[in-house]
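Structural overview for review
Here is how the chains run, residue by residue.
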Amino acid sequence: LGLIIPDIENIFFSSLAKNIEIFCRDQGYALMIVNTNNEYQNDLLVVNLLLSRSVDGLFIIPSDESYKNNEELVGILSKINIPFVMLDRVYSNLECDQVLFDNEKGAYLAVKHLLEHGHRKIACISSSEFSNNGRLRLNGYLKALREFNCDINDAYIIEGDYQIESGYRAGNKLIQEDITSVFITSDMMTLGFLKYMHEQKKHIPDDYS
């Protein structure tokens, strides 16, 4: 079986790959893991590569780039004669088996939790320009704020790119605002934010929730 992931260094995808590999091995399958560096041209390359190796099936997590224009990849996938499953990131214009999260609802519940504990100045480190899932998570953040009649403060919303460094830079900006809590849309950006706060002698959750 083949597993296509966008970023092997991302702890979510590496953990996912590890557990899929263990399960496949237990079922008598070897798993070939390929990394696309979140680039659409690599999506096309590795799909064709794995198909040329006569894999019995595919797990596919496409690049964020592919949401701008995925017609070529959709065309390939709609014609292949082996089973495949899209994971985490899915295409609305491709009918296939899909395993995904309700990103908007998950974000909404997280921010609602902060609001129910009295927070009203809640920042968001998002990846909405970079990621379809990021856009959905930002939508959930905004939905919760509106439900509690909170003003939307643009200074509280920092755009990142799923990488540790962008979370670190966002921490530098947000520490200058009067926020009390932060909702972050990815683990990697959270690590960067925590790193910056540690350097500034700020404590979680004492200084920020």
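Before reading on, note that the structure itself is shown above.
Presented here is an overview of the structure given in this document.

Thresholds, definitions, all that
- Residues numbered from 1 in each chain as written.
- Predicted model: local features only at pLDDT ≥ 70, side-chain atom pairs only at ≥ 80, totals over all residues.
- Heavy atoms only, no water.
- Patch = residues over 30% accessible without salt bridge, like charges linked within 9 Å, V, L, I, M, F, W, Y side chains within 5 Å.
- Areas by Shrake-Rupley, 256 points an atom, 1.4 Å probe, with all protein chains shown as cover.
- Salt bridge = Lys/Arg side-chain N within 4 Å of Asp/Glu carboxyl O.
- Helix = DSSP H or I, 4+ residues; strand = E, 2+ residues; numbered from the N terminus.
- Buried < 20%, exposed > 50% of the residue type's maximum accessible area, 1.4 Å probe, protein only.
- Pairing = 2+ DSSP bridges.
- Axes fitted to C-alpha atoms, helices over the stretch in contact; angles between N-to-C directions.
- Left-handed = near helix turned anticlockwise from the far one by under 90°.
- Contact = heavy atoms within 4.5 Å.
- Nonpolar A, V, L, I, M, F, W, Y, C, P; charged D, E, K, R; others polar.

**Some remarks on a nonpolar patch on the surface**
Taken together, the side chains of I11, I164, L191, L194 and I204 present a nonpolar region at the surface, about 370 Å² in accessible area. Structurally, L194 can be placed in helix α7 (residues 187-199). Residue class for L194 comes out partly exposed when judged on its relative accessible area of 37%.

**Topic: the pairing of strand β8 (residues 181-184)**
Within a regular beta strand, the side chains point alternately toward one face of the sheet and then the other, so they alternate between its two faces. Neither face of β8 is exposed, since S181 and F183 on one face and V182 and I184 on the opposite face are all buried. Across four bridges, strand β6 (residues 122-126) lies against β8 in parallel orientation. Paired with C124 across the two strands is F183, which belongs to β8.

**Let's talk about the packing of helix α4 (residues 103-116) against helix α5 (residues 132-147)**
The N-to-C vectors of α4 and α5 enclose an angle of 40°; their axes lie 7 Å apart at closest approach. The way α4 lies across α5 gives a crossing that is right-handed. Between α4 and α5, the contacting residues are N103, E104, A107, Y108, V111, K112 and L115 on the first element and N133, L136, R137, N139, G140, Y141, K143, A144, L145 and E147 on the second. Tallied by class, residues from the contact of α4 with α5 come to eight nonpolar, four polar and five charged.

**Some points on the pattern of salt bridges**
Applying the stated rule across the entire model yields five salt bridges. With a shortest N-O distance of 3.9 Å, K112 and E116 are connected by a salt bridge. Note that K112 and E116 are positioned in helix α4 at a spacing of four residues, about one turn of the helix. Of the charged contacts in the structure, one is a salt bridge between E199 and K195, with a shortest N-O distance of 2.9 Å. On the criterion of helical spacing, the pair formed by E199 and K195 is a turn pair, its members being four residues apart in helix α7.

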